[in-house]
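Reading the structure
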Amino acid sequence: MMKISTNSKKDVYLHAAIITLLLMVLFFGFFFVYLPWSTNHGDAITVPNLKGLTMEEAEDLLDERNLDFEVTDSTFTAGLKPLTVLSQYPLENSKVKQGRKIYLTINTETAPMIKLPKLTEMSVRSAEQQLLVSGLLKPDLEYQNDSRQNEVLEVKFGGTKIEAGALIAKGSKVTLVVGNGTDSVEIDVPCVVGQLYDEAQIVIKGSSLQIGTVIYDPTSTEPAGTIIKQNPECENGNKVRSGDMIDLWVAGNPPN
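Every residue gets a number counted from 1 within its own chain, in the order that chain's sequence is written. For this predicted model, a pLDDT threshold of at least 70 governs which residues receive local features, and a threshold of 80 or more governs which side-chain atom pairs are given and counted, while totals over whole chains, interfaces and linings are taken from all residues. The basis for every side-chain value is the complete set of heavy atoms in the structure, and neither hydrogens nor water enter the calculation.

An unreviewed UniProt entry annotates the protein as PASTA domain-containing protein of Arcicella lustrica.

1. Remarks on helix α4 (residues 197–206)
Our working definition: When accessible area is computed with a 1.4 Å probe and restricted to protein chains, residues below 20% of their type maximum are described as buried, those above 50% as exposed, and intermediate ones as partly exposed. Helix and strand assignments follow DSSP, with helices taken as H or I runs no shorter than four residues and strands as E runs no shorter than two, numbered in order from the N terminus. It is the directions from the helix axis to the C-beta atoms whose arc is reported. Contacts are assigned to residue pairs that have any heavy atoms within 4.5 Å of one another.
Here α4 has its buried residues at Y197, A200 and I204. Projected onto a plane normal to the axis of α4, the buried residues spread over an arc of 55° and lie on a single side. Exposed side of α4, more than 90 degrees from the buried face: D198, I202, K205 and G206 are the residues found there. Considering only its buried residues, α4 is in contact with β13 (210–217), β14 (227–231) and β16 (245–251). Positive phi appears at S208, one or two residues downstream of α4, with a value of about 60°.

2. A word on the pattern of salt bridges
Any two side chains of opposite charge can pair if their charged atoms end up close together. What counts here: Any Lys or Arg side-chain nitrogen found within 4 Å of a carboxyl oxygen on Asp or Glu counts as a salt bridge.
Considering all chains together, one arrives at 6 salt bridges under this definition. A salt bridge links R65 to E64; its shortest N-O distance comes to 3.9 Å. With a relative accessible area of 30%, R65 lands in the partly exposed category. Accessibility expressed as a relative area gives 61% for E64, which makes it exposed. Among the salt bridges present, the one from K156 reaches E142, with a minimum N-O distance of 3.2 Å. With K156 in strand β8 (residues 152–157) and E142 in strand β7 (residues 140–149), this pair connects stretches of sequence that are 14 residues apart. Residue E142 is classed as partly exposed on the basis of its relative accessible area of 31%.

3. Points about the sheet that holds β7
We count it as follows: In this analysis, strands are considered paired if DSSP registers two or more bridges between them. What counts as an axis is a line fitted to C-alpha atoms, over the stretch in contact for a helix, and the angles between N-to-C directions run from 0 to 180 degrees.
With mixed pairing, the 4 strands of this open sheet are ordered in space as β7-β11-β8-β9. On the outer flanks of this sheet lie β7 and β9 (160–162), each paired with one strand and no other. The sheet shows a mean angle of 35° between the axes of neighbouring strands, taken without regard to direction. Here 4 bridges tie β8 to strand β11 (residues 175–179), and the two strands are oriented antiparallel to one another.

4. Some points on unusual backbone geometry
P90 follows Y89 through a cis peptide bond whose omega is 0°. Mapped onto the secondary structure, P90 falls in the loop between β3 (85–89) and β4 (95–96). Following N231, the chain continues into P232 via a peptide bond in cis, with omega recorded as 0°. Relative to the elements of secondary structure, P232 occurs in the loop between β14 and β15 (239–241).

5. Let's talk about helix α3 (residues 124–133)
Listed as buried for α3 are V124, A127, E128 and L131. Projection of α3 onto a plane perpendicular to its axis shows the buried side chains occupying an angular sector of 100°, all on one side. Among the exposed residues of α3, those oriented more than 90 degrees off its buried face are R125 and V133.

6. Observations regarding the environment of K101
Our working rule: Nitrogen and oxygen atoms within 3.5 Å of one another constitute a polar contact, given that in protein one can donate a hydrogen and the other can accept it, and given that sequence-neighbouring residues count only through two side-chain atoms.
Relative to the helices and strands, K101 is located in strand β5 (residues 101–107). In this structure K101 comes out as partly exposed when scored by relative accessible area, which is 30%. Remark: the alpha-carbon pair of K101 and L62, spanning 39 residues in sequence, is separated by 9.5 Å. Those residues in contact with K101, other than ones at most four positions away along the chain, are D68, F69, E70, Y89 and P90. A polar contact of 3.3 Å, which involves the side chain of K101, links it to the side chain of E70.

7. What to know about the sheet that holds β14
Two modes of strand pairing occur in sheets, parallel and antiparallel, and in both the strands are linked by backbone hydrogen bonds. An order of β13-β16-β14 is seen for the 3 strands of this open sheet, with the pairing classed as mixed. Two strands in the sheet have a free side with no partner beyond their single neighbour: β13 and β14. On average, each strand axis in the sheet is inclined to that of its neighbour by 20°, with strand direction left out of account. Examined bridge by bridge, β13 and β16 share 6 bridges and lie parallel to one another. When the sheet's bridge partners are listed, V214 is paired in β16 with L248. Sheet contacts for α4: β13, β14 and β16; angle to β13, the most-contacted strand, approximately 160°.

Here it is, written out as C-alpha cells:
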C-alpha cells in the first residue's frame, strides 16, 4: 500500500496560492500597466488657440503637438485676412489624445457681393447700424450744407454716388453724405457771368445752390453758350442761402 505524504495538503495550498498570486499579477498588470500604456492614458495634449492664424501657421502648430485638422466650414468676416481660422473645435485648452482631429472654420478668400441697402432719408446712426447688419464696415461721413441735419442725403463708393440695390463687396466701406443743418447760413453769390453754361453749372452746384430759370438770347454778340447775365447779381456783396436758385441768361439759341 502506497503512503500519502503528510505534506500533500500544504503543497496543494501552496500551489493554489502561487497560481492565485500569478493571476492577480496578470490582472493588475493588464489593467494598470499595459492598458494605460497602450492608450496613452494620462498623456493628454492641450489644444492650442488657433483663432486668427493662417492655415499654414495652424498646421505647423498642430504638427508640433501630433494633432490633425480638418476644415469643415468657411465664411466671410470683414477685416480679417483670407484663409485665417475663425473658430475651432475642440476649443483651446481642451485636453485630447495624440492624433485627435481639430475641426476648423476659416475665412473665405473672396468676399461675396451684396446689395447696398436703402440708406437715404435715414439718420446717420440708423444707416450705420444697417451697414453693419449687411456686413459692411462703419462708413466715412461727408457733411453738406442742408437743413436735414444728420440725415443721409446720398451714398458714395470710391468717390462715386451709388444707389440702393447696387452690388458691393461684403466688408467694403462707403461714404455717407449727411446734412449739417446749416442751410440757413448765408453765402456769397458766385459770379458766373462770362463763363460757359457748363462751367457755370459746376460753380453754382458746387456752392450748394440750384440753377433756376435759363433764358437764351440769340441777339447777344457773345459766343454761344456764354452767361451774359445772372440774378441775383454777385456785385455789392449779395448773399443767398444754401439751396437758393440762380437765374441765368445765356447767349445764343437753346440746344436742340
